[in-house]
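Fold and contact review
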Amino acid sequence: MELYLDLFSQPCRSVFLFAKVAGIPFDFKHVDLAAGQQFSEEFGKISSVRKVPVMKDGNFILTESIAILMYLAQKHSSSVADHWYPADLQLRARVNEYLSWQHMNLRSHGSKVFLLRSLFPIIMGSEAPKEKMDPAMEDLKQSLKLLEETFLQDKPFIVGNKISLADLVAVVEAMQPVGTGIDVFESRPKLSAWRDRVKKEIGEKLFDEAHEVIMNIGSISQKLQGGQLEMLKPKFQKLFS
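Cut-offs used in this document
Residues numbered from 1 in each chain as written. Predicted model: local features only at pLDDT ≥ 70, side-chain atom pairs only at ≥ 80, totals over all residues. Heavy atoms only, no water. Helix = DSSP H or I, 4+ residues; strand = E, 2+ residues; numbered from the N terminus. Salt bridge = Lys/Arg side-chain N within 4 Å of Asp/Glu carboxyl O. Buried < 20%, exposed > 50% of the residue type's maximum accessible area, 1.4 Å probe, protein only. Domains from an automatic or database assignment. Buried area = accessible area lost by both parts, 1.4 Å probe. Nonpolar A, V, L, I, M, F, W, Y, C, P; charged D, E, K, R; others polar. UniProt positions renumbered as here; feature names shortened; annotations may be inferred. Core = buried A, V, L, I, M, F, W, Y, C linked by side-chain atoms within 4.5 Å.

Observations regarding the environment of Asn59
The residue Asn59 is located in the loop between strand S3 (54-57) and strand S4 (60-63) in this model. As for Asn59 and Met1, which are separated by 58 residues in sequence, their C-alpha atoms are 9.6 Å apart.

Structural notes on the pattern of salt bridges
Enumeration over the complete set of coordinates arrives at eight salt bridges. For Lys190, the salt bridge is made with Asp154, and the minimal N-O distance between the two is 3.2 Å. With Lys190 in helix H7 (residues 189-202) and Asp154 in the loop between helix H5 (130-152) and helix H6 (165-175), the pair connects residues that are 36 residues apart, well separated along the chain. Look at Lys190 and you get partly exposed, because its relative accessible area is 31%.

As for the domain arrangement of the protein
Domain annotation for the protein reports domain 1 (2-80) and domain 2 (89-240). Look at where the C-alpha atoms of domain 1 and domain 2 centre, and you get two points 19 Å apart. Of the roughly 2200 Å² buried between domain 1 and domain 2, counting both surfaces, carbon and sulfur atoms make up 72%. Where domain 1 packs against domain 2, one counts zero salt bridges. Breaking the side of domain 1 that touches domain 2 down by element, the ones donating at least two residues are helix H1 (10-21) and helix H3 (65-75). Here the element with the most residues in the side of domain 1 that touches domain 2 is H1; it accounts for nine residues. Partitioned by chemical class, the residues of the side of domain 1 that touches domain 2 number 15 nonpolar, four polar and three charged.

Considering the UniProt feature "domain: GST N-terminal" (unreviewed entry) in the protein
As annotated by UniProt and renumbered to match this structure, "domain: GST N-terminal" (unreviewed entry) occupies residues 1-80. Spanning residues 1-80, this segment combines 34% helix with 20% strand, and its end C-alpha atoms are found 16 Å apart.

A short note on the nonpolar core
By size, the foremost hydrophobic cluster in this structure holds 76 residues, and its most contacted members are Phe18, Tyr98, Leu147, Ile158 and Trp194. Residue contributions to this core peak at eleven residues, all from helix H4 (residues 89-124). Three or more residues apiece are contributed to this core by two domains, here domain 1 (2-80) and domain 2 (89-240).

See below:
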């Protein structure tokens, strides 16, 4: 099995972490997003949407991180611990509930803050306007509040006493703004304790390995040069106009 990933991407990190922690063997195929490798002719043969992650299992190609996570959990159900994607109908529904919610909430809002804080200055040549940054931060705070109060509540993990795919997907999204210097766990002791539990379950070394790229985000400016910058500029103008 091959996994096409760039750990700069939070969905890629969730797939990478799950495959690693579950002991699912795979070949890591690095697709350098900052260098524009997703637009290469070679990658286009793997994914017509030109996004990562992509899984290639024999002749079967699958895109979308949530679909990949579910596929891996179900294909390897005999060896993967049940708590990751529980067989119990209601527990699995809780995992699915969070995975369905997060796309337009924590993922969307955390990604927007990340783009405004890290890539906007590089691509547009100036800091993100306050009238864009402030609402983005408010949306992120609201998503974090919902994660804490609605999904986590007073449980050790989102679904209960054991870690699941929901926690894995949530933590990589929460970590994305951290790479830009915004510690979303500060003044949120419940979320901070949850993050520490997730990190311990995954393994601190593996967790840090997966987030090394995002915690050194300054290096991306060295890759985004020339034509790549010019190509991204109109996209950012449209996105944040």
